[in-house]
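Read off the chains here:
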Amino acid sequence: MTSAENGVAALTARVHRDLELSAPPPRWWVPHTEGTDYEVLVVGGGHAGLAAAFALTRQRIPRVLVVDRNPRGTAGPWRSYARMHTLRSPKWMPGIELDVPSLSVRAWFEARYGADAWESITYVPRLDWADYLDWYREVLELPVRCDTDVVAVHEPTEPDGPFRIVLEHGGEHDTVTARRVVFAPGLDGAGGPSVPPAVASLPRSLWAHSADDIDFAALEGKSVGVLGAGASGWDNAACALEAGADHVTLFARRDEIPTHNPLRWMEFVGFQHHYADWSDHQKFEFSCYSGGLPQPPTQYGVWRCRDFDNFTLALGSSLESIAVTGDDKPRLTVTTPDGEHEVDFLVAATGYVTDLRLRPELAAFIDHIALWEDRYAPSRGTSIGPCPYLGGGFEFTAKDPDAAPWISRLFHLSVGARASMGVAGHQLSGIGAGLARLASTIARDAFLEHTDEFVAQFRTVESVEVHDLGRHDGAGPRPSSARYAEADEQQTLVRALRSEGAPQ
Ligand SMILES: Cc1cc2nc3c(=O)[nH]c(=O)nc-3n(C[C@H](O)[C@H](O)[C@H](O)COP(=O)(O)OP(=O)(O)OC[C@H]3O[C@@H](n4cnc5c(N)ncnc54)[C@H](O)[C@@H]3O)c2cc1C
């Protein structure tokens, strides 16, 4: 074994020991309801879905399943469309280890590369984050069903019944049932990619969204345009340049590139844990203000592009129109306020829209989900309006609670949670706080639902602790004295160890 493998193997053993030492009481306590396969089904096996499953096991909630459409090891963006070299979250941010420090990315990184290596990095390298997630899933033995798509979640036939979830694997469908569903489907989880209509109507061979699988090698010698100068725009421009593109133009709407990241201010315990406790008015005012602030690119992304002479940053270049030119070798003419730009290929790094109607797995009950615009009139017509109006544990709320009393058993651990939950969501900026809320809400609800059962159980179950009442019929020595002496001997041994110190 290499020293890295040895280090990780030793850490794995330490995690098992820490899990043992910090284990909650052993009973998997939520009773099984007949006809329900899973207590909680989690849609999406990225870091949010995996950590949600772990948080539920810390609450000793049984029968949890995570479902991810990607093959094993490729959940989330880390080995596909996340094209930066490092994460942008501060490396010290507590993450998905919850209360087990040996599970942290820092512990894993130090085990693999050494403590000096951790000191020397500013951010966690992206592919290491992906490797860490693989290890995290394995060391915790999380139940993940890969290569499987959640295509639909159907409302219960009885108000208190389970959801029917249609899964698709290799073209085959099957249906499972679950009492609760946590939706953790990633960056497009509240809608889908946002693409300007002028781009969406172009032939697909001439453009891609930044979240698509892009063949950068095919862009060698080509002229590439990237629309949108957020972090992904810079990363995609850098990939095209590194792949040998003839020229890359990054079209930025703004006249200046923002340099200040408002997210960093939000990464403190009070905000992470208690934004959700603000009033609607406070959340709305804050979200409107912070949502309107520009997000900067990453420093590394800027440097990666600036390394190339064939890179152009076109500021103040909002898209006015775009047209296909040339018949046998089609190209694009991109028109911005400063004129026309010819490119062979365009990457739309234009982010995501919030529109829950675009999510197939929500389609069956979409009309029941209350949005901010249903609950808080001033949000109508703003970017907050289409966000789901969530309860304090990420649960959907119903437009009409009488029509969908079951909706609080469906949870949105995804981007649309921002308005209701602040940074306590799927991103590392506050995921620890979010997971604590999610898991304790699910545990609370499951406990309250089964109150009668627990009380009945308490009345009938005997927890015998004193199994020998020491009765003595008067003949011979008292057996209880001998037993007590035996027990006392163990205590004496412990007392001796305490005074002498542990044996070497
Ligand atoms: C370039 C880039 C850099 C980023 N840097 C950071 C950073 O530094 N820090 C940070 O916190 N975040 C960062 N992010 C955001 C990052 O995407 C999220 O924080 C992270 O991926 C969230 O994890 P998640 O589990 O919610 O979603 P994901 O990691 O996207 O995982 C969701 C999974 O659900 C699967 N899925 C979706 N729908 C279904 C379905 N119906 N059935 C089955 N499976 C489904 C998806 O295929 C995916 O595998 C970055 C993103 C990008 C693109």
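Bear in mind that the values here come from a model prediction, so they are computed numbers and not experimental data.

Novice: Can you help me understand the sheet that holds strand β13 (residues 331–336) in this one?
Specialist: Strand pairing in a sheet takes place through backbone hydrogen bonds and is either antiparallel or parallel in direction. Sheet architecture is open: 3 strands sit in the order β12-β13-β14, paired in antiparallel fashion. Both outer strands of the open sheet, β12 (321–325) and β14 (339–343), are each paired with one neighbouring strand and no more. Strand after strand, the sheet turns through a mean of 25° between neighbouring axes, direction not considered. Direction of pairing for β13 relative to β14: antiparallel, over a ladder of 5 bridges. Of the residues in β14, the one forming a bridge with threonine 333 is glutamate 342.

Novice: Explanation requested: the site of the ligand in the structure shown.
Specialist: In the neighbourhood of the ligand, 34 residues make up the surrounding shell, with Asp68, Gly76, Arg88, Ser89 and Leu428 lying closest. Interatomic distance of 3.0 Å between a side-chain N/O atom of asparagine 70 and an oxygen atom of the ligand. Here an oxygen atom of the ligand sits 2.8 Å away from a polar atom, N or O, in the main chain of leucine 428. Put simply, the parts of the chain that give the shell around the ligand at least two residues each are α2 (47–58) and β4 (149–154). Among the elements that take part in the shell around the ligand, α2 stands out by supplying 3 residues, more than any other. Of the residues in the shell around the ligand, the class split is 15 nonpolar, 12 polar and 7 charged.

Novice: What should I look at first to understand the domain arrangement of the protein chain in this one?
Specialist: You'll often see interface size given as the accessible area lost when the parts meet. When the domains of the protein chain are assigned, the result is domain 1 (3–191 + 353–453) and domain 2 (195–259 + 296–350). The gap between the C-alpha centroids of domain 1 and domain 2 is 33 Å. With 8 residues of domain 1 in contact, the opposing surface of domain 2 contributes 16 residues. Both faces considered, domain 1 and domain 2 share a buried interface measuring about 860 Å² in area, 51% of it formed by carbon and sulfur atoms. There are 0 salt bridges connecting domain 1 and domain 2.

Quick notes on the rules
Residues numbered from 1 in each chain as written. Predicted model: local features only at pLDDT ≥ 70, side-chain atom pairs only at ≥ 80, totals over all residues. Heavy atoms only, no water. Pairing = 2+ DSSP bridges. Helix = DSSP H or I, 4+ residues; strand = E, 2+ residues; numbered from the N terminus. Axes fitted to C-alpha atoms, helices over the stretch in contact; angles between N-to-C directions. Near = heavy atom within 4 Å. Polar contact = N/O pair within 3.5 Å; in protein donor to acceptor, adjacent residues only side chain to side chain. Nonpolar A, V, L, I, M, F, W, Y, C, P; charged D, E, K, R; others polar. Domains from an automatic or database assignment. Contact = heavy atoms within 4.5 Å. Buried area = accessible area lost by both parts, 1.4 Å probe. Salt bridge = Lys/Arg side-chain N within 4 Å of Asp/Glu carboxyl O.

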